[in-house]
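Working through the structure, step by step
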Amino acid sequence: MSTTRQLLNSVEVARFVAHGFLRLDGIVPREMNEEALGVFATGLPAVPYGTPVPEAFPEGSFARRLVELPAVAGALESLVGADPSVDHHFVHTREPHEGSAQPLHADALIDVRPDAFDVQLMYYPQEVTADMGGTLVVPGSHLRRTNESDTGRYQNLLGQTRLTCAAGTVMLLHHGIWHGGRRNDSETVRHMYKIRFNPTLPQVRLWDVSDLDSPAVPSELGRTFPWYEPATGRLEIHNRIRLWRTLTGDPSFDIDHWATRITNRPALRSQA
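Owing to the predicted nature of the structure, the values given are computational and were not obtained by experimental measurement. (Residues numbered from 1 in each chain as written. Predicted model: local features only at pLDDT ≥ 70, side-chain atom pairs only at ≥ 80, totals over all residues. Heavy atoms only, no water.)

1. A short note on the pattern of salt bridges
Put simply, the rule reads: Any carboxyl oxygen of Asp or Glu within 4 Å of a side-chain nitrogen of Lys or Arg constitutes a salt bridge here. Burial status follows relative accessibility: with a 1.4 Å probe on protein chains alone, a residue under 20% of its type maximum counts as buried, one over 50% as exposed, and anything between as partly exposed.
The tally for this structure, following the rule as stated, stands at 15 salt bridges. With a shortest N-O distance of 3.1 Å, Glu 220 and Arg 223 are connected by a salt bridge. Given a relative accessible area of 8%, Glu 220 falls into the buried group. Because the salt bridges share partners, they merge into one network encompassing Asp 87, Asp 111, Arg 113, Asp 118 and Arg 196.

2. Details of the nonpolar core
Formally: Only buried Ala, Val, Leu, Ile, Met, Phe, Trp, Tyr and Cys residues count toward a nonpolar core, and they belong to the same one when joined by side-chain atoms within 4.5 Å. Every residue pair with non-hydrogen atoms within 4.5 Å of one another is taken to be in contact.
In terms of nonpolar packing, the biggest core is built from 51 residues, with Leu 121, Tyr 123 and Trp 244 touching the most fellow members. The contacts of Trp 244, once residues within four sequence positions are left out, are Ser 10, Val 13, Ala 14, Val 17, Trp 207, Leu 212, Val 217, Leu 221 and Phe 253. With twelve residues, the next largest nonpolar core counts Phe 21, Tyr 124, Ile 177 and Met 192 among its residues.

3. What to know about the sheet that holds strand β6 (residues 161-162)
Put simply, the rule is: Criterion used throughout: strands pair if DSSP finds at least two bridges between them. Helix numbers and strand numbers start at the N terminus; a helix is a DSSP run of H or I with at least 4 residues, a strand a run of E with at least 2.
In spatial order, the strands read β6-β5-β8; together these three strands make up an open sheet with antiparallel pairing. On the outer flanks of this sheet lie β6 and β8 (179-181), each paired with one strand and no other. Inspection of the sheet shows strand β5 (residues 135-137) paired to β8 by three bridges, in the antiparallel sense. Within β8, the residue paired with Leu 136 across the bridge is Gly 180.

4. Focus on the sheet that holds strand β1 (residues 21-24)
Read from one edge to the other, the open sheet built from six strands follows the order β1-β7-β4-β9-β3-β2, with strand pairing classed as antiparallel. Here the strands that pair on one side only, and so sit at the sheet edges, are β1 and β2 (51-52). Pairing between strand β4 (residues 119-124) and strand β9 (residues 190-198): five bridges, direction antiparallel. Across the sheet, residue Val 119 finds its bridge partner in β9, namely Phe 197.

5. Things to note about the pairing of β4
Among the six residues of β4, six are classified as buried, and the element is accordingly described as predominantly covered. In β4, alternate side chains face the same way, and those of Val 119, Leu 121 and Tyr 123 on one face and Gln 120, Met 122 and Tyr 124 on the other are all buried. In this sheet, strand β7 (residues 169-174) lies alongside β4 in antiparallel orientation, the contact comprising six bridges. Looking across to β7, one finds that Met 122 is bridged to Met 171.

6. Overview of unusual backbone geometry
The phi torsion at Arg 205 lies on the positive side, around 50°, for a residue other than glycine. Counting through the fold element by element, Arg 205 comes out in the loop between β9 and α6 (216-221). Phi at His 257 is positive, roughly 65°, even though this residue is not glycine. For His 257, the position within the fold is in the loop between α7 (233-248) and α8 (258-262).

7. Quick look at the packing of helix α1 (residues 10-19) against α7
Cut-off, in case you're wondering: Under this scheme, a helix contributes an axis fitted over its contacting stretch, all axes are lines through C-alpha atoms, and angles between N-to-C directions fall in the 0 to 180 degree range. Should an angle fall under 35 degrees it is called roughly parallel, over 145 degrees roughly antiparallel, and 65 to 115 degrees roughly perpendicular, with every other angle called oblique. Each crossing gets its hand from how the near helix is turned against the far one by less than a right angle, where anticlockwise is left-handed and clockwise is right-handed. Three classes are used, and their members are as follows: Ala, Val, Leu, Ile, Met, Phe, Trp, Tyr, Cys and Pro are nonpolar, Asp, Glu, Lys and Arg are charged, and the others, Gly among them, are polar.
At a minimum axis distance of 10 Å, the contact between α1 and α7 shows a crossing angle of 140°. What the angle tells us is that α1 and α7 run oblique. Read as a crossing pair, α1 and α7 show a hand that is right-handed. Note on element contacts: α7 touches α1 through Arg 240, Leu 243, Trp 244 and Leu 247, opposite Ser 10, Val 13, Ala 14, Val 17 and Ala 18. Partitioned by chemical class, the residues of the contact of α1 with α7 number seven nonpolar, one polar and one charged.

Coordinates in, geometry out; function isn't part of it.
Following this line, the structure appears as structure tokens:
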């Protein structure tokens, strides 16, 4: 297994900023996936809010080895830095033919931070098939500020995705993404292990920025999604511009002058 540091590049981070999540398909080795089922059955100790990763997950523990996999560690470092703290962790289990689906929600109350975000890791140790339910995610919803389950009345949004994946898949999500666990209509118990990470340093240029000037970056940031309204959907792109300016430390970044137009204040310049 490779131990090379695997930071994300600028295009991948821009894709995360646009979509609100990143998939790492099948990157956890088979033996760890098999081990995970026993670990989850035994139970995991609680972790106090704000605990540094080395203290939350002792060396050699399953969770520590999971987050130190090169692809996982590199992606986390690229998004929340090399030394994040653990907000909480939890194993979500869905029994066969279990009840109703979880309502659509975001894992936060209204979050007005313009310069920081948490990342939630979701790990699937088993293959997730369509009848197992999986996690439903609404791409591009993470910067539309809502309060927890305010979106719960929505049943389906155009362009939503319901996860099916290979065993050993990891998803990294912006904490504001609209999502929900679907009901399990299969004969198999389904597990998903979630860890929420809090940044402990400014989230500025943490990734491999060698491709920062690639034309693919604004292309990713300008992407739209089927559920966006014609007018207010444009605000999502504006929100991404603001976030990208923060992440890159470049206050001049823009797409088609959208942000520049509404921050133009000649009167303030003339008073200087």
